Amino acid sequence: MTERETRKTNCHFCGYLCAFEAVVEEGRVVDLRCDPTRYPYDENTLRGCRRWRMNLAVLDDPKRVNHPLRRVGERGAGEWERITWDEALDEIAARLRTLVDEHGPQTLASAIGGPHASYWPLHRFMNLLGSPNNMGIGQICWNPRIWMDVAAFGWTVEADIDPAHTEALFIWGTNPAESDNSAFWRSLLRVARSDISLVVIDPRRTQVAAKADLWLPVRPGTDATLALGLIQVIIAEGLIDHDFVTRWCFGFEELAAQAQGYTPAYVAETCGLDPDDVVRAARIFGQAAAAALVSGRGIDQCGAQVAPTHRAITCLRAITGNVDKPGSCVLAERSDFTPEVELEMSAWLPEAQKAFCLNTPYTPLQCYDGYARMNALTERFGRSLPMRYLASAHPDLVLRAMLEGDPYPVRALFVEATNPLLTYADTHRVFRALASLDLLVVLEYYLTPTASMADYVLPAAGAIERPVFQVHGGVANIGYGGPAAVEPLYERRTDYDFFRELGLRFGQGQHWPDATLQDAYASALASAGMAWDEFCRVGIYARPPAFLKHEQLREDGSPRGFATQTGKVELASDLLGGWGASRLPTPPAAAPAAAPQSAAAAPAAVPAPAPAAPVAPPALAPETLAKGRPLTLITGARKQPYNASMYLNNLDFRASYPAPLAEISPATAELLGLQDGDAVVLATDKGEVRLTCKTAAMRDGLVSADYGWWFPERNPGAPGFGGIWESNINVLTDCSVATGEPLIGTWSYNAIDCVIRKA
C-alpha cells in the first residue's frame, strides 16, 4: 500500500500566500486541502478562491518549462536546445562578464513583477555586481504611497480596520473583490453588514461599491482635487482634531489656506460628482471617532496626479487625528527579522555605481540621492527603507539606454516573475528593446511571449516546490508563508539558487553563506528569535501593533514624535519643496485661484461638468479621431480569475472568461450603438487593439479595458507572439518620463484619451 503524508505548504497565486496542506505520495503531490490553522486562518477564504486548486494542476502542467533552454535560432523563432544548469550558468556568467568588461556593471538591468518570487536575491546579485538598474513597476504600484507616507509621517502606515473602533472606512481606487486581496474582501463583506460607514471612490461601480453606503464615481484624473475637497469641508465645518493638529501637524495654516478654494461646488464640477455627496463623504470621515482608508492601483497609476493625491490623503488622515490610532491606521514598525534592505545588501552597491542611476536627472525622489535624503530621516528611528524598490530604474530610461545607448548602453536583462511584453507600457518599444539585447535571461514557469525572445529560459520552481516568506518589501514587522511541500520537480530551481550560483561565478561567495532559500529564510527569522520550523507550523511572524508611538517618551522626557524634519506630520513639506515640487498637495491641473462660493464664481480654468455625450479630446491626432468615437480610457484593474497577464492558460478560467473586455456604461453603449458581445476597436495615437464590448455600471464616457491580455493557446513566439499585438492594452499606453509624475516618474493607466468603434 502506498504511504501518504500530509505536509504544510502555501498557495502562490496572489500576495496572501494562503496556507494549505499537500497530500504527498512517493514524492508527488496528489491532493490539496485547506489549512485554517495557519494564516489567514479562514477556510472559507481559500474555498471561495478560484485559483488555489490551480496549484496542483500547475505543478505538473505539461506546458511548464522543466529544463534550462538555450536559444539556437532567431529571437522568437521557438528554436531551443536543452542544456544543463552548469552549462547555462557558465555561459550566462561568461557572456555577462564580457559585457561588464566592455560597458561596466551598469550594462545589466533587471525586470520584475508579480508576487510569486523573492526579489532580494536578484537585488543582492546586482548590488554586489555594481548595477543600479533594476527596472520594475514600482512607480505605478506601491512606491507612490510609500514615498508620500514617509514624506508625511516618517514611515509607512497601514489601515487598521477594527470593528471595536473603526466607524468609517474609505476604499479608494481598489476593488478587493477582484484584486488579489481575497481575504480582505471577506472582511469588507463583514464591514458592509456592520454599523461601519463604507464609502467607495471609484469611477466603476465595483462589487465593493455596490455594498457601500456612499459611492463617489470620480472622474479619472481628479482624485487629488476630491481629496482636497474633503479637507476643505472638514476644516470649514470644524471637524478637525484640534489637539492633534496643534501638537503634531506642521503647515496646517498653509493647507487650510490652499483648501479654501476646493469648495463642494468646485470639486463637484471638476470631479463630475454631486456636491452634496462630497459634503456627505467629508462629514463621514471627519465625524468618525476613527476612520480608516485603503487605496490601490486606481491612485497609484494616475500619472502626474499620484503624488498630490497620496499627499492629500496623508493630510486628510492627519487633520482628523487618524494617525497611528486604533481603528484608523498604524504606523508600521521596523521588522524584528532581517529587513529586506539588509537581505538585498544595498550597502554594498558602490557610491561610484550609484552615480550611474538613470533616474537622477529626471525623478529626484525615485533615485539613490532621493532615497539617501529620505532614509536619513527614517534611520533616526532605527528604520531603513528598501533601497532597490524605491530607487528602481524608470522603464522609459532603461528602454532608451537599450535602444540608443543613452547615457550608456544597457545590453543585458534578467527577467523574473514578469512578462514585460504584456505588462510594461508601450509594447512596440519594449519589443524593439528586447530584440536589441546581447543577453536576455528569463526565469519562468511557461514560455511566455517575453520568454520566447530570450537567449536562455530557466525553469523556475513555483508553489509547493519552494518556501515562501512574504514581508511586504521590508517596511513592516510581519511576515507570512511556509515551507515547500516537495523538492522542485524535474530540473526546476528557485530564483535564489540561480542568483547564488551566478554570484559564486563572480566571486561573491562570502556574501551567499546560506546554501538554500530555506536556509536564508531561517537565518532572517533567527534575528527575530523564531525558528524556521516554528514559523512553518504557525505560518506567520507578527507582533501586536503598538499605537500612538509619537507620544512615547524619550530618555529626556520629550515625546518621540515623527521621523520627519520637523518631528511632526508634514502637511507642508520643505523636503519635497526642495526638489521643485509644491510644498503642499497641489493637483497638476488648474487649481482654484480663490475660494469660489458657487459654481458660477469658479475660475474660468475649472473644467466643465461631464457632457451628456463624449466630446473629442484635443490631445488625439486627427487620424486617430477618424477611427471612432472619443472616450476616456482606464485600465489596469484586476479581474478574477486572472491577475495581470497570468493564468490565461487555465482552460476552466478561459471557458468562463474567454476574451478581453472593453467595459462601458449602458448609456455610453446606447449612444455609440454598441451591444454586449460586439467586437470593438480601441485606439490611441500609439495604435489600436481589438476587444469585446460589455456594459457595466460605471461613469458615462469611460471605457475600462482589460489589462495584460494574450492568448497562451497560440504560439508564444513569432510571428504573432501569442497575440500581443491584437488585444494587449499596453500597445496603446506610454511610460514617458517627460509626461509622468515629476518626483517619482509614475506614468498613467487612467484618464487616457482614446476612441472606440465597432469592429
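Quick caveat, the model's predicted, so the values are computed rather than measured.

1. Describing the overall build of the protein chain
When helices and strands are tallied, the protein chain shows 29 helices and 27 strands. Its C-alpha radius of gyration of 25 Å places the protein chain within 12% of the 27 Å reference for a compact globule of 759 residues. With the C-alpha coordinates aligned to their principal axes, the bounding extent of the protein chain is approximately 75 × 70 × 60 Å. Here the protein chain holds 759 residues, and 63% of them are scored as buried.

2. So, the sheet that holds strand β20 (residues 540-542)
The 3 strands are arranged β18-β19-β20 in an open sheet whose pairing can be described as antiparallel. At either margin of the open sheet sits one strand with a lone partner, and together these are β18 (468-470) and β20. The sheet shows a mean angle of 15° between the axes of neighbouring strands, taken without regard to direction. Both β18 and strand β19 (residues 478-482) contribute to a ladder of 3 bridges, which runs antiparallel.

3. Quick look at the pattern of salt bridges
Here the structure, examined in full by the defined rule, presents 39 salt bridges. Its salt-bridge partner being Glu-25, residue Arg-4 comes within 2.4 Å of it at the nearest N-O pair. Here Glu-25 lies in strand β2 (residues 19-25) and Arg-4 lies in strand β1 (residues 4-10), a separation of 21 residues in the sequence. Relative accessible area serves as the criterion here: at 22%, Glu-25 is assigned to the partly exposed category. The shortest N-O distance in the salt bridge between Asp-324 and Lys-549 comes to 2.9 Å. Within this pair, whereas Asp-324 is found in the loop between α14 (306-319) and β14 (329-331), its partner Lys-549 is found in the loop between β20 and β21 (569-570), the two being separated by 225 residues in sequence. Note on accessibility: Asp-324 and Lys-549 belong to one class, buried. The network of salt bridges with common partners includes Arg-71, Arg-75, Arg-95 and Asp-455.

4. Section: the state of the cysteines
What the rule picks out here adds up to 0 disulfides. Of the cysteine sulfurs around Cys-315, a residue in no disulfide, the closest is that of Cys-249, at 8.3 Å. Residue classification places Cys-315 among the buried residues on the basis of a relative accessible area of 1%. The thiol of Cys-693 is unpaired, and the distance to the nearest cysteine sulfur, on Cys-754, comes to 12 Å.

5. Some words on the packing of aromatic side chains
For the structure on display, the rule yields 32 aromatic pairs. Centroid distance Tyr-642 to Trp-709: 5.3 Å. Interplanar angle 85°. Geometry classified as edge-to-face. Of this pair, Tyr-642 sits in the loop between β22 (629-635) and α27 (651-656) while Trp-709 is found in the loop between β26 (702-705) and α29 (724-727), placing the two residues 67 residues apart along the sequence. Take Tyr-642: its relative accessible area is 4%, and that puts it in the buried class. Looking at Trp-709, the relative accessible area reads 2%, which means it is buried. The rings of Phe-337, Phe-469, Tyr-521, Trp-532, Phe-535 and Tyr-541 are connected pair by pair, giving a single aromatic cluster. Across from the ring centre of Tyr-445, 4.6 Å away, lies the NZ or CZ of Arg-64, which sits over that ring.

6. Examining the confidence of the model for the protein chain
Averaged over every residue, the pLDDT of the protein chain is 92; the share at 70 or more is 95%. Every residue in residues 594-618 is under pLDDT 50, and counting partners more than four places away or in other chains gives 41 contacts.

7. Considerations on the nonpolar core
Leu-169, Ile-171, Leu-413, Leu-440 and Ile-464 are the most contacted members of the largest nonpolar core, which totals 88 residues. Aside from chain neighbours lying at most four places away, what touches Ile-171 is Pro-176, Phe-184, Leu-188, Leu-198, Val-199, Val-200, Ile-201, Val-208 and Val-294.

8. A short note on the sheet that holds strand β4 (residues 69-71)
In space, the 7 strands of this open sheet follow the order β5-β4-β17-β16-β15-β6-β7, with mixed pairing throughout. Edge positions in the sheet fall to β5 (80-82) and β7 (133-135), since each of these pairs with one other strand and no more. Direction aside, neighbouring strands of the sheet carry axes that sit 20° apart on average.

9. Examining unusual backbone geometry
Going from Asp-406 to Pro-407, the amide bond is cis rather than trans, its omega being 5°. Within the element layout of this structure, Pro-407 appears in the loop between α19 (395-404) and β15 (412-416). The backbone of Tyr-647 shows a phi angle near 75°, a positive value even though the residue is not glycine. Structurally, Tyr-647 can be placed in the loop between β22 and α27. Located in the positive-phi region is Phe-721, a residue other than glycine, with phi close to 50°. Secondary-structure assignment places Phe-721 in the loop between β26 and α29. Take Phe-721: its relative accessible area is 5%, and that puts it in the buried class.

Reading the values: rules and limits
- Residues numbered from 1 in each chain as written.
- Predicted model: local features only at pLDDT ≥ 70, side-chain atom pairs only at ≥ 80, totals over all residues.
- Heavy atoms only, no water.
- Helix = DSSP H or I, 4+ residues; strand = E, 2+ residues; numbered from the N terminus.
- Rg over C-alpha atoms; globule rule 2.2 N^0.38 Å.
- Buried < 20%, exposed > 50% of the residue type's maximum accessible area, 1.4 Å probe, protein only.
- Pairing = 2+ DSSP bridges.
- Axes fitted to C-alpha atoms, helices over the stretch in contact; angles between N-to-C directions.
- Salt bridge = Lys/Arg side-chain N within 4 Å of Asp/Glu carboxyl O.
- Disulfide = S-S within 2.5 Å.
- Phe/Tyr/Trp six-rings, centres within 6.5 Å; stacked < 30°, edge-to-face > 60°.
- Lys NZ or Arg CZ within 6 Å of the ring centre and 35° of its normal.
- pLDDT = per-residue confidence, 0-100.
- Contact = heavy atoms within 4.5 Å.
- Core = buried A, V, L, I, M, F, W, Y, C linked by side-chain atoms within 4.5 Å.

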